[in-house]
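One letter stands for each residue in the lines below.
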Amino acid sequence: MSTEEFGPRQRGAATKRRRTILKVIEAASVLFDAHGWYGVTRDDIAREAEVGVATINHHFTTKQVIALASYFSMLKPILALADEEADTREALIDFVTELADVTTKLPVLAIVLLPATRDMASCGDETRSPSAEVELIDFDQLAECLGKLLENYGTTEYYGDANLTEVAELYLSGLLSWVLKHPDRSGEDAAKLLLSQLL
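Notes on the structure in this doc start here. (Residues numbered from 1 in each chain as written. Predicted model: local features only at pLDDT ≥ 70, side-chain atom pairs only at ≥ 80, totals over all residues. Heavy atoms only, no water.)

1. Quick notes on helix H4 (residues 63-70)
Next, step 1: Of all 8 residues making up H4, 8 are buried, and the element is well covered by its neighbours.
Next, step 2: What H4 keeps buried is the set Lys63, Gln64, Val65, Ile66, Ala67, Leu68, Ala69 and Ser70. (Buried < 20%, exposed > 50% of the residue type's maximum accessible area, 1.4 Å probe, protein only. Helix = DSSP H or I, 4+ residues; strand = E, 2+ residues; numbered from the N terminus.)

2. Examining the pattern of salt bridges
Next, step 1: Enumeration over the complete set of coordinates arrives at 5 salt bridges.
Next, step 2: In this structure, lysine 148 and glutamate 144 form a salt bridge, with 3.5 Å as the shortest nitrogen-oxygen distance. Residue lysine 148 and its partner glutamate 144 are both found in helix H8 (residues 139-153); the two are separated by 4 residues, about one turn of the helix.
Next, step 3: Since its relative accessible area comes to 49%, lysine 148 is described here as partly exposed.
Next, step 4: Overall, the relative accessible area of 40% leaves glutamate 144 in the partly exposed class. (Salt bridge = Lys/Arg side-chain N within 4 Å of Asp/Glu carboxyl O.)

3. Some words on the environment of lysine 192
Next, step 1: Here lysine 192 shows up in helix H11 (residues 187-198).
Next, step 2: A residue is classified by how much of its surface remains accessible, and lysine 192, at 52% relative accessible area, is exposed.
Next, step 3: Placed 95 residues apart in sequence, lysine 192 and threonine 97 show a C-alpha to C-alpha distance of 7.9 Å.

So this is what it looks like as structure tokens:
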């Protein structure tokens, strides 16, 4: 059933849900930027967004999902780069460069993207938000995109029968770990390091 088929009450409720989700995402973004990953709790986000913690729990399964949703707008263009560019070498370079730049500027994003930081209770699709109205891009989506770029670039000969998404997971984990370990270095440095291994 689409929202056009809803009556006035249902449309009003859907609008209220979208506004609430947006308030939570905006509040979380401000708090993460100001205090980092470890300096922010779900209670802090609820207070900043002026909603109850139960409301946050209804729309977002974990703090990680809140952070991923908060930085969705920064990751979406990176995925789009891979789809838009015809030259696969350039697409690979742009994907890595943009991701390295964003995660260097936003260490919280590097933390939440790393598979090691996933909440232990959340695995696979369970890390996704229960609310269909929340958009996010996670590590698996980035790895799948990088895997496709590697395949398009013609690295299948080098990696043989290896699953290129799994190869991409390894490279992405390395990139994100390096960014966190070297906060004084630039995104350009991180990108050059990864690209020197990929190309």
